[in-house]
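Analysis of the macromolecular model
Residues per chain, in single letters:
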Amino acid sequence: MLNYSNVIENDKSYPGLQMREIKPVMKLIIRGKKRQFLSAVGKSLNLLLPNEANTSSRSDQLTALWLSPDEWMIFSNEILKSDDNNYNVEKLLNKNICKTNLGAVTDVTDQFVLINLKGDKIFDLFETGSPFNFNDFKSKKGLVTQTILTKIDIIVHNQDINDVNLFVRRSFSDHLFSWMNDSASRL
Amino acid sequence: MKNKYSIFSLIKNAFSYHENWEKAWKDPEPKKEYDVVIIGGGGHGLATAYYLAKKHNMKNIAVVEKGWIGGGNTGRNTTIIRSNYLWDASAGLYDHALKIWEGLSQELNYNVMFSQRGVMNLAHNLQDVRDLKRRTHANRLNGIDAVYLNTEEVKKFCPIINTSPDIRYPVLGGTLQKRAGTARHDAVAWGYARGADEMGVDIIQNCEVKGIKRNRDAVEGIETTKGFIKTNKIGVVAAGHSSVIANMAGLRLPLESKPLQALVSEPVKPIIDTVVMSNAVHAYVSQSDKGELVIGAGTDDYVSYSQKGSHDIVEGTLNAILELYPIFSRMRMLRQWGGIVDICPDASPIISKTSIKGLYFNCGWGTGGFKATPGSGDLFAHTIANDEPHKLNAAFNLNRFVSGDLVDEHGAAAVAH
Amino acid sequence: MFLINCPFCGEREQSEFKAGGEAHIVRPKQPTELSDDQWAEYLFMRKNIKGIQFERWNHIHGCRKWFNMVRDTSNDEIKAVYKMGEKPPVK
Amino acid sequence: MTKNLRVKSSKLVDETYRISFKFNGTTYYGFKGDTLASALLANNIHLVGRSFKYHRPRGIMTAGSEEPNAIVQLHNGTSRTEPNVRATEIEIYEGLVATSQNCWPSVKFDIGGINNFLSPLLPAGFYYKTFMWPASFWEKYEYFIRKSAGLGKSPDVPDPDIYEHKYIHCDVLVIGAGISGLIAAKTAAKNGFKTLLVEEKSYLGGSTIYQDSEFFKINNQNSASWLEKEINEVKKIENLEIKTRTSVAAFHGYNFLLARENLTDHLPLEQRENKTRQRLLKIRAKKVITATGSIERPLIFDNNDRPGILLSSAIKKYADLFGVACGEKNILFTNNDSVYETAISLIQKGIKVQAIIDNREEIDSKLIKETEKNNIKIYKGYTIVDTFGYKRINSVSIMKLSKDGQKVIGSKENISCDSLGISGGWTPAVHLFTQSGGKLKFRDDDQVFIPNTYPSNQISIGSCNGDFTLDEILINTPKLLKEFLNIKKTEYENIEIYSAFNKSKRNIWLLPSNKIVGKTKSFVDFQNDATAKDIKLALREGFRSIEHVKRYTTTGMGTDQGKLGNMHALGIISETASSKMGELGTTTFRPPYTPLTFGTIVGRNVGKYFDIIRKTPIHEWHVENKAEFENVGQWKRAWYYPQNGENMHEAVQRESKAARDSAGILDASTLGKIDIQGTDASEFLNRVYTNAWSKLEIGKCRYGLMLNEDGMVYDDGVTTRLDENHYIMTTTTGGAATVLGKLEDYLQTEWPELDVYLTSVTDHYATISVCGPNSKKIIQKVIPEIDLSDKDFPHMSFKNSKIGKVKCRVMRISFTGEQSYEINIQANYAKSVWENCMEAGKEFNITPYGTETMHLLRAEKGFIIAGQDTDATMTPIDLQMDWIVSKKKFDFIGKRSLYRSDTIREDRKQLVGLITDNPEEILEEGAQIVADMNKTPIEMLGHVTSSYFSPNLKKSIALGVVKGGKNMMGQKLIIPMEKKQINVTVTDPVFLDKENKRLNA
């Protein structure tokens, strides 16, 4: 048996802001250009990939984020067991996408750390280190953006009003989380 | 013969309330024809004209400048002068310049305030250490006065540097060239202009070159905003605008012109007595005689002739400055500005003939041209006068981009493994 | 700091992008057949235009896509952006 | 005993709240709301500092950020000290300590004052003409020049304060909350624009807020009262954010602006702990409205710099806003109507106006009539020709101007005074507009530059646009706003305005004197002591462009950036050179508008946030086990693990020995990993690597070299074929991001037809490398189900496997030359796997090793490190790796460059091994290599790239690059060090196990 360890130890709470890591959550990057790719993914997962830039779609089990015209991130809505990293979704897509040469599927479960933020100060925090214009973003549920926060690449998913998922590469996450806490403590 | 500048001439002129000083240079209209026309009235161009007149016995020379002399990179740089370069060719070139700097004020009878306060280069990772040691060894064998310093010696030479091992990229060591230093940039242009003018060079300001006239593979003259000027030899020293002139002659050069920024703080009493450069965290700082901290920032990665760069570059530079000098946090930026630097793929300059007879280029100095001013002028003058390079600039030809014999001064500061 | 309209993601700050030099320099299909001069032309020689320049940019901190831009290098005014493979919308 | 010059309750200060502060060691009192300048003036102190060059006594001249003279050091000797702070900007707080600068021993008696007497020898540019003899003495001259220059003192300890950044995106940014800015902000916000209004002062309303007289009325109310009501309304608007104490520093292209929000500088020191001092606002506005107002011009005449000489508008402001009289016997000197507003204000407060000197002959306005009613003597058509009083002005000499204003006539008259207010009209504050790239035009009527063409979506309104009077502002501003905001109407359409101001002005840039210019000191740049005669000297010496004059005389180069005098410098140049003002151009206004603290620019990115720290999933283990770390790019990598007080050398020797004798373990998680999928994946690899890939079997690994298009080695790594169309590529740690970027570039731009997808998995997989003769046994214990037999799992092959239910990948690849396995496992399980390896390896003395040992081990085997043994000038042929360059492949990145005339030369530098004659002698990495020490100049053949003492070979080994080294095997060369020469022999770069027995064992 292997122990499961993660980077971010504790949930943090500030007036108007709570931050915690959500794990383990399966994350896949799927890539493809062809029309059949989109329909094959749709059929396999019962989830329509968002076609429109900077948006997301969601089924009971999965959420899909638009990352680029031929790139999406899919993550599981539920927390998974920590002693097993074999995902049916991945297997299914491997069969229906990779083996049929429609596109590519890559497991990035631990490539990204998922930090969930809740509260009405989320964007005040982002504004201390991100050049992205969140004015319209914050009021529209489901929007996605890739940008930078204190020079670190992040993916931001506006899951709900005042409820945001932030994805950051694992090796940067400790630094980013520390920086976010420092920022949050001064809001 | 011009009046000599000295304390005595100052005293003498004080009695007439300084009403009798003569012009440092004239402001002539262009003649119809010159033996050589230098395009670009910056330090390098004026120095080229000066040495053409002085060492090559040419008398009928013009420098044409689209704005005012010394108004480009000469007046916009951080004035660092050093010669501790890695490759033999570069070391030869820059040390040639440094030797001229050492007597330049006297030669020109114009105080260019060459201040040999030393230049330190810092190492922040193990590869930096290897690279700097490699360079120092090469310098020593090339007769250049560079030495390697350990962290304590760095601290001793410049006590305000934060040499704590706990900072993000601790100072692991450094090199010091004591003969290196700074000079007063405007004075260099003005001093050469005055010297060249005295020998009969026409310095023509506000005269923009609009075209280069060719007869097959040879030049015949230039079209300017002040009319056509006939000449068989054109030396182009137009820095950021080199490609623009080259395009007029139907040439393409291996250059990109990019914004380079610099800034100064408000003046304060002396706090740093040397020049400190750090490539790894990208911070260069010295203090001008007036008391301003002079700080060099980096280049942006896009071509621009707007003399403006992006704020991120300035912010990144000051970030590095505060990492190395936390005491400067409450100092204030007084002015920031941008210049246009023409950069070669190997970060080394071009002082070369071209495929067109009578057309010579001196360009590609990137971020480091000021220090070479006197040497560059001298060698370019030689190249133009003799229609062949001096041995010190032979390696800096245009053909190296074809043959592959680059003078790569980037080294590869790449961090691998 | 430019404000760049990524053809895929929309208007974003310059800090999300990386510049990639002159556009429409096509890599020779048969490099071995070129002379050293011709190869040097591809490798190093650039127009380096003062004025309207066609160039490549990458939305490196966004969708990671390369695209083309038309920009006046004399005042940094962006005239247009267009996707790779598309014809420039302005001359 | 100092006098109290408070006149009556004022707009801004709270007289019930007394604040004590220290200036030059003496304690004084002021009120809440005072600036340091107003508080000093209230205590009858005018002498504040000394000038830069002549060390002349200088006082407070203005009431704003344009102040050139009254600059002080705050809290000298403490961690919060700050040089060059303008007394006119800083608000006083309990405990403020200020001292004068640039003087010794004191501001009242300053030794440097001797320069004032030497001034005939110190004309503009004197230093270019002197200090050249003897040549070697420059260093000594310079020492004294530097010492006497500079103004305040740099802090010498770190800053205890915290700074912050904030990005703001708004529809409309309004800069300046004077009357026009407030109208603009209100109009924009009420029309649905998300609006931000910034104001550098602590209060809103600009100068109109204290324009409280019957001569200026809006809708029948005094303009101040009208504006107060407006402000109350403005503060209530929902989508309007107002930030005071916030000054815009820079206006860049694309409406990107930087502003400094000052949060704690007005608070007592003890209230500042843990608070953010200043915030840098990075503003991106769709539209910008500049309403930065205008700056009053001084007048240029002999000795116009004495303490007690202020701008007339400053005297008015100190009286109206702060309730402070600048003197008890005021003289006002003007070329326009402005001083009469000041005069009336002073009279109303019972402050004596001694006389008014007006250089205009025929004047007649309501303001002037009102002034005359109060029995104030007005000298019409006069000018001041001199002033007297050393530390404070005590009198002026005046003379009549000739009709044409070119000279003075008649006799001198002296008038005593203790304060002189001057007004040369107004200069629009167009600094931000021009920073943004805006072009100016010159308006001849009143000799001002005003905005002409806008480079971005912006306008200028109010007096920064040349609308100086109340009626101009209230008529033009709404018109401009309607067009700019594209709205139908504003609230200001039918407004009634009454303004008594008459716009007549007699502009004379340099006022004539009874002395020749060379004998006068008529200051143009007060801080830098540049005078009219300096400008004339520069022109005489051939400096004609405004930039030349500026640089030669240092005009406009002070901390005030010439906000007061730049126009006069231009004017004097144009008059002297008989050229037109409009055609001269202006000097470039460079950001920032007012100096900006470095700390503010940097924000929170200091200390531990200076740069990102990247950590591997096993980082904590390394920390717990006392590893020393090396910075590799942004990564922290375990460097070596000292035990029992070992130094680095000892630790590395032990680690290296253990890895070869039994087992070593390395955290290689930082290597870049790129997942490559697609039907053209093999073809893609063929094009990006120098060797061939199509025939690599599934389940096999291959080493690849990547070149730049110029043929030089750029990165390397092992790539594994996981499936028909699926590879995993590894890159160097430092090269990971650039390699991925470069590959994406080729895919997207050169070869879009290829069906290939790249995805980074660097962070997803941790890489644990176990090497040594016992590595197989250890891996077997950790992954029981895997078959590790050499036949089934030879060197350079790969297997999928599982630990429990956790899938992982195992590669048998080696960077050490030992039999070696790499486990790639999802990052969150990595620490656990590592600990399992340590446990399983206990019986084999498994030894964790860091990057230093890794470097040593690979050097024994002659493996290169891209970036250490290569330096962007090495081709694969130079590295003697011809075997990896495919001759058959049609093309790959960099191939063509390998066949250029200088890259095929035989005498290029080539990678070789170096063995020292003395096996104990370790070469220095970076040391140069020479064949003949007697040759001059000494020819350097190459340098040492890697060097170690090998505990396994028990001798010193090194790699180096040497010109023609390929053909020098066995040859003796010299490593010349500072104090000795080391003899070496050229060898093959592979020192250990040439036959690869250990790899395949």
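Focus: the overall build of chain B
Scanning chain B for helices and strands turns up 11 helices and 19 strands. A compact globule built from 417 residues should have a C-alpha radius of gyration of about 22 Å, and chain B, at 22 Å, falls within 12% of that. Each of the three principal axes of chain B carries a C-alpha extent, and together these read 65 × 65 × 40 Å. Within the span of chain B, comprising 417 residues, buried residues form 70% of the whole. Within chain B, contacts between residues at least 6 apart in sequence are counted, and of these 74% link residues at least 24 apart. Here chain B displays about 12,900 Å² of accessible surface, and carbon together with sulfur accounts for 52% of that area. Charge-centre separation for chain B: the mean point of 47 positive side chains lies 3 Å from the mean point of 43 negative side chains.

Quick word on the sheet that holds strand β2 (residues 26-32) of chain D
All names here are of chain D. Pairing is mixed across the open sheet formed by 5 strands, whose spatial order is β2-β1-β7-β5-β6. With one partner strand each, in any of the chains shown, β2 and β6 (82-86) form the two edges of the open sheet. With direction set aside, neighbouring strand axes in the sheet form an average angle of 40°. Pairing of strand β1 (residues 14-23) with strand β7 (residues 96-100), which is carried by 3 bridges, proceeds in the parallel orientation. Bridging from a neighbouring strand, K22 pairs with V97 of β7.

Some words on helix α12 (residues 532-540) of chain D
An α-helix turns once every 3.6 residues. As a result, residues three or four positions apart point the same way. Residue and element names in this part refer to chain D. All buried positions along α12 are accounted for by A532, D534, I535, L537, A538 and L539. Looking at the buried positions of α12, the neighbouring elements they touch are β30 (523-525), β31 (530-531), α13 (546-553) and α14 (566-576). Trailing α12 by a residue or two, G542 shows a phi angle of about 100°, which is positive.

Quick notes on the packing of helix α18 (residues 648-661) of chain D against helix α23 (residues 851-861) of chain D
Residues and elements named next belong to chain D. Running from N to C, α18 and α23 point in directions that differ by 55°, and their axes come no closer than 9 Å. Judged by the inter-axis angle, α18 sits oblique to α23. Note on packing geometry: the crossing formed by α18 with α23 is right-handed. Every residue of α23 that contacts α18 at M648, V652, Q653, E655, S656, A659 and R660 is listed here: E852, T853, L856, L857 and E860.

Focus: empty space enclosed by the protein
All names here are of chain D. Inspection of every chain in the model, using the stated rule, returns 16 cavities of 30 Å³ or more. Roughly 570 Å³ of internal volume is contained in the largest cavity. Along its surface, the largest cavity is lined by 34 residues, and E89, I90, E200, R260 and N262 are the ones closest to its centre. Looking at the lining of the largest cavity, the elements with two or more residues in it are β6, β13 (246-252), β14 (256-262), β15 (276-290) and α7 (312-322). A volume near 220 Å³ is recorded for the second largest cavity. Looking at the second largest cavity, it is lined by 21 residues, and the ones nearest its centre are G562, N566, M567, L570 and F589. Within the residue set of the lining of the second largest cavity, elements represented by two or more residues are β25 (426-428), α13 and α14. A total of 4 residues in the lining of the second largest cavity trace back to one element, the largest contributor, which is α14. Taken together, the residues of the lining of the second largest cavity sort by class into 12 nonpolar, 7 polar and 2 charged.

Thresholds, definitions, all that
- The numbers attached to residues start from 1 for each chain and follow its sequence in the written order.
- Working convention: letters from A go to chains and numbers from 1 go to ligands, in the order in which they are written.
- Only residues with pLDDT of at least 70 are given local features in this predicted model, and only at 80 or more are side-chain atom pairs given and counted; all residues enter the totals for whole chains, interfaces and linings.
- With hydrogens and water stripped out, all remaining heavy atoms of the structure feed into the side-chain values.
- For the purposes of this entry, the term helix denotes a DSSP run of H or I that reaches at least four residues, the term strand denotes a run of E that reaches at least two, and both are numbered from the N terminus.
- Computation of the radius of gyration draws on C-alpha atoms alone. For the globule rule, the value is 2.2 Å times the number of residues to the power 0.38.
- Exposure categories follow from relative accessible area, calculated using a 1.4 Å probe and restricted to protein chains: below 20% of the type maximum is buried, above 50% is exposed, and the middle band is partly exposed.
- Residue contacts are defined here by distance: any two heavy atoms, one from each residue, within 4.5 Å place the two residues in contact.
- Computed with the Shrake-Rupley method and a 1.4 Å probe, the accessible areas treat only the protein chains shown as cover for residues.
- The charged-residue count follows a simple rule in which Lys and Arg add positive charge and Asp and Glu add negative charge, with His and chain termini not counted at all.
- For charged residues, the charge sits on one atom: NZ in Lys, CZ in Arg, CG in Asp, CD in Glu.
- For two strands to pair, DSSP has to find at least two bridges joining them.
- Angles here are taken between N-to-C directions and fall from 0 to 180 degrees, while the axes themselves are lines fitted to C-alpha atoms, restricted in helices to the stretch in contact.
- Oblique is the label for every angle not falling under 35 degrees (roughly parallel), over 145 degrees (roughly antiparallel), or within 65 to 115 degrees (roughly perpendicular).
- Note on convention: the crossing is left-handed when the near helix lies turned anticlockwise from the far helix by less than a right angle, right-handed when the turn is clockwise.
- A cavity here means a set of points on a 1 Å grid, drawn over the protein atoms and nothing else, where a 1.4 Å probe fits but cannot get out; a pocket is an open set with protein on both sides within 12 Å along at least five of seven lines, and a residue lines either one if it has an atom within 4 Å of a point.
- Grid points are joined across faces, edges and corners, and a volume is the space filled by probe spheres set on the points.
- Gly is put with the polar residues, along with every residue not named as nonpolar or charged; the nonpolar set is Ala, Val, Leu, Ile, Met, Phe, Trp, Tyr, Cys and Pro, and the charged set is Asp, Glu, Lys and Arg.

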